[in-house]
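# An overview of the molecular structure
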Amino acid sequence: MDFNKELEERVKKANQAIEECLPKEKNIPGNLIESMRYSVLVGGKRVRPVLMGELFEIFGGTGKEIRFFQSAMEMIHTSSLCHDDLPALDNDMLRRGKKTTHAQFGEAMGILAGDALLNYAYELLFDGINEAQNKENAIRAARILSKKSGYLGMLGGQSVDVEREKTGIEGDQLEILEYINEKKTAALIEGAMMAGAALAGANDGQLEIIEKMGNRIGLAFQIQDDILDVTGTTESIGKPVFSDMKNNKETYINIVGIEEAAKKVIELTNEAVALADQLPRNTEFLKEMFSYLSLRKK
Ligand code: GRG
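What comes next is a walk through the structure. (Residues numbered from 1 in each chain as written. Predicted model: local features only at pLDDT ≥ 70, side-chain atom pairs only at ≥ 80, totals over all residues. Heavy atoms only, no water.)

## Brief notes about the overall build of the protein chain
A count of helical and extended segments in the protein chain gives 15 helices and 2 strands. Here the C-alpha atoms of the protein chain give a radius of gyration of 18 Å, agreeing with the 19 Å that 2.2 N^0.38 yields for 298 residues. C-alpha atoms of the protein chain, sized along the principal axes, occupy 50 × 50 × 35 Å. Considering only contacts in the protein chain between residues 6 or more positions apart, those separated by 24 or more positions represent 73%. Accessible area of the protein chain: about 13,800 Å², with a carbon and sulfur share of 51%. (Helix = DSSP H or I, 4+ residues; strand = E, 2+ residues; numbered from the N terminus. Rg over C-alpha atoms; globule rule 2.2 N^0.38 Å. Contact = heavy atoms within 4.5 Å. Areas by Shrake-Rupley, 256 points an atom, 1.4 Å probe, with all protein chains shown as cover.)

## Overview of the nonpolar core
With 71 residues, the main nonpolar core has Met193, Ile210, Met213 and Leu286 as its most contacted residues. When neighbours within four sequence positions are excluded, Ile210 is seen to be in contact with Leu55, Phe59, Met193, Met194, Ala197 and Leu279. (Core = buried A, V, L, I, M, F, W, Y, C linked by side-chain atoms within 4.5 Å. Buried < 20%, exposed > 50% of the residue type's maximum accessible area, 1.4 Å probe, protein only.)

## Observations concerning the packing of aromatic side chains
Tallied over the entire structure, the rule returns 3 aromatic pairs. Considering the side-chain rings of Phe3 and Tyr292, the 5.9 Å spacing of their centres and the 50 degrees angle between planes classify their relative orientation as tilted. Of this pair, Phe3 sits in helix H1 (residues 3-21) while Tyr292 sits in helix H15 (residues 284-294), and the two are 289 residues apart along the sequence. A relative accessible area of 25% places Tyr292 in the partly exposed class. On the numbers, 5.4 Å between centres and 75 degrees between planes, the contact of Tyr38 with Phe105 is edge-to-face. Here the residue Tyr38 occupies a position in helix H2 (residues 32-41), and Phe105 occupies one in helix H5 (residues 101-105), the gap between them amounting to 67 residues. (Phe/Tyr/Trp six-rings, centres within 6.5 Å; stacked < 30°, edge-to-face > 60°.)

## Considerations on the state of the cysteines
By definition, a disulfide is the covalent link that joins the sulfur atoms of two cysteine residues. Tallying each qualifying case throughout the model produces 0 disulfides. We note that Cys21 lacks a disulfide partner, and the nearest cysteine sulfur, in Cys82, lies 18 Å from it. Looking at Cys21, the relative accessible area reads 10%, which means it is buried. (Disulfide = S-S within 2.5 Å.)

## Focus on the side chain of Glu165
In this fold, Glu165 is placed in helix H8 (residues 154-167). If we ignore the near neighbours within four places in the chain, the residues touching Glu165 are Asp90, Asn247, Asn248 and Lys249.

## Comments concerning the pattern of salt bridges
Opposite charge on two side chains lets them pair, provided their charged atoms get close. Counted according to the given criterion, the structure contains 18 salt bridges. Across the pair Lys13 and Glu57 runs a salt bridge, and its minimum N-O distance is 3.7 Å. Note that Lys13 is positioned in helix H1 and Glu57 in helix H3 (residues 47-58), a separation of 44 residues in sequence. Because the salt bridges share partners, they merge into one network encompassing Glu6, Arg10 and Glu54. (Salt bridge = Lys/Arg side-chain N within 4 Å of Asp/Glu carboxyl O.)

## Thoughts on the site of the ligand
Within the structure, the ligand sits among 19 residues, and Lys45, Arg48, His77, His83 and Arg96 are positioned closest to it. Arg48 has a polar side-chain atom sitting 2.8 Å from an oxygen atom of the ligand. At a separation of 2.8 Å, an oxygen atom of the ligand approaches a polar side-chain atom of Arg96. When the free accessible area of the ligand is taken as 750 Å², the share hidden by the protein chains comes to 92%. At the level of elements, helix H4 (65-84), H8, helix H9 (173-199) and helix H10 (204-231) are the ones that each hand at least two residues to the shell around the ligand. Residue classes in the shell around the ligand are distributed as 5 nonpolar, 8 polar and 6 charged. (Near = heavy atom within 4 Å. Polar contact = N/O pair within 3.5 Å; in protein donor to acceptor, adjacent residues only side chain to side chain. Nonpolar A, V, L, I, M, F, W, Y, C, P; charged D, E, K, R; others polar.)

## Looking at the packing of helix H6 (residues 107-131) against helix H7 (residues 135-149)
Running from N to C, H6 and H7 point in directions that differ by 160 degrees, and their axes come no closer than 8 Å. Here H6 is positioned roughly antiparallel relative to H7, judged by the angle of their axes. Crossing angle aside, the handedness with which H6 passes H7 is right-handed. Listed contacts from H7 to Tyr122, Leu125, Ile129 and Asn130 of H6 are Lys135, Ala138, Ile139, Ala142, Leu145, Ser146 and Ser149. Looking at the contact of H6 with H7 residue by residue, the class counts come to 7 nonpolar, 3 polar and 1 charged. (Axes fitted to C-alpha atoms, helices over the stretch in contact; angles between N-to-C directions. Parallel < 35°, antiparallel > 145°, perpendicular 65-115°, else oblique. Left-handed = near helix turned anticlockwise from the far one by under 90°.)

## As for the side chain of Glu190
Its place among the elements puts Glu190 in helix H9. With a relative accessible area of 6%, Glu190 lands in the buried category. When neighbours within four sequence positions are excluded, Glu190 is seen to be in contact with Lys148, Glu182, Glu211, Gly214 and Asn215.

## With respect to helix H14 (residues 258-276)
Taking 1.5 Å as the rise per residue, H14 with 19 residues should run 27 Å; its terminal C-alpha atoms sit 27 Å apart, in good agreement. Within H14 the residues assigned to the buried category are Ala261, Val265, Leu268, Thr269, Ala272, Leu275 and Ala276. Taken down its axis, H14 places every buried residue within 120 degrees of arc, on the same side. The exposed set on the far side of H14, more than 90 degrees from its buried face, consists of Glu259 and Lys263. (Expected span 1.5 Å × (residues − 1). Arc of directions from axis to C-beta.)

Right, dumping it as C-alpha cells:
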C-alpha cells in the first residue's frame, strides 16, 4: 500500500465533502459566511474526517450520509480552533499558516464564526440522519459526536486547561494534564472514529475498543503537538512556536522532559495499533495513519 497516495485520496474526498457542505451564497449582509468559509478552507490536515471515513469503511459503510458527518466533524473542530485562538484564550494570530479568524475579521467575528460553525455542524448532522438508510445508527453516531465535543469531552477538557492556566488547579499536575489531554484533544478523535463506526453499525463491544484506541492515539497526537511547539518552526507547524510557554501551559515536556514525552508517544501509538488489530477487518491504512499522526512534523 502506498500510504501517502491513499492518504492524499482520502483527504481529497473529505475536502470535497466539506466544500460541498459549506454555505456558499453570500445571502446575508456582512462577513459571517466569509469568515466561516475562511476558517475552514484556510488549511488543516483533515485528520478527524479521514479517521471517521476510515472507520465507516472498515465497518462496511457505503452510504452518502458519511459526507455530512465528516463535514460536521471538521466544522466542530474548526470552531474550537477559532475560539482557542481568541484573545480570551490563547490570543494567537497565526493558525494553519495564515491569519487566525479573529486576526483577519476582528474579535467579534472570531466569536461569531466559531459559534456559527458549531451550530451549522448540527444542521449537517441532521442532514446526515435524513440521508441515512439506518436512522438508528445515524442518531447514535450524532449523539457520540455531540457528547465527545461537549462538556464531558472537548469543552470540559478545555475549561480545565483554561482554569489551570489562569489560577492553577491543586493536585497532581501530571494527572490533571492527562485529564486535560484526554478530554481536550483525545475525546474528539475518539468521537470521530466511534461515530464513523457507529454510522456503519458497529456494536457496543467494537465501539469500546475504538474508544480506547482513539484515546491512545489522541493522547499521542497531543503530546506530539506539545513536542512540535518546542522543536518545530513557525513555518513548519503554521502557528507560533513556544505558544504553550507563553500561555503558561503545563505540558508533558515541562513535567517529564522531552525524551520521556517522545517515548510516551511511541508507547501510546503502539497501544493504538494493537487495539486496531482487534477490529474485524483490514486496518492496514488505519495503523499507518496512527504512525503518521504521532510522527508528524506539522
Ligand atoms: C466552540 C466547539 C467549541 C469549542 C471551544 C477552544 C475550545 C473550546 C477547545 C479547543 C481545544 C483544542 C484547541 C485542542 C487542541 C487540539 C489540537 C492539537 C488541535 C490541532 O489539531 P490539528 O493538528 O489541526 O488536526 P489542523 O489545523 O490540521 O486541523
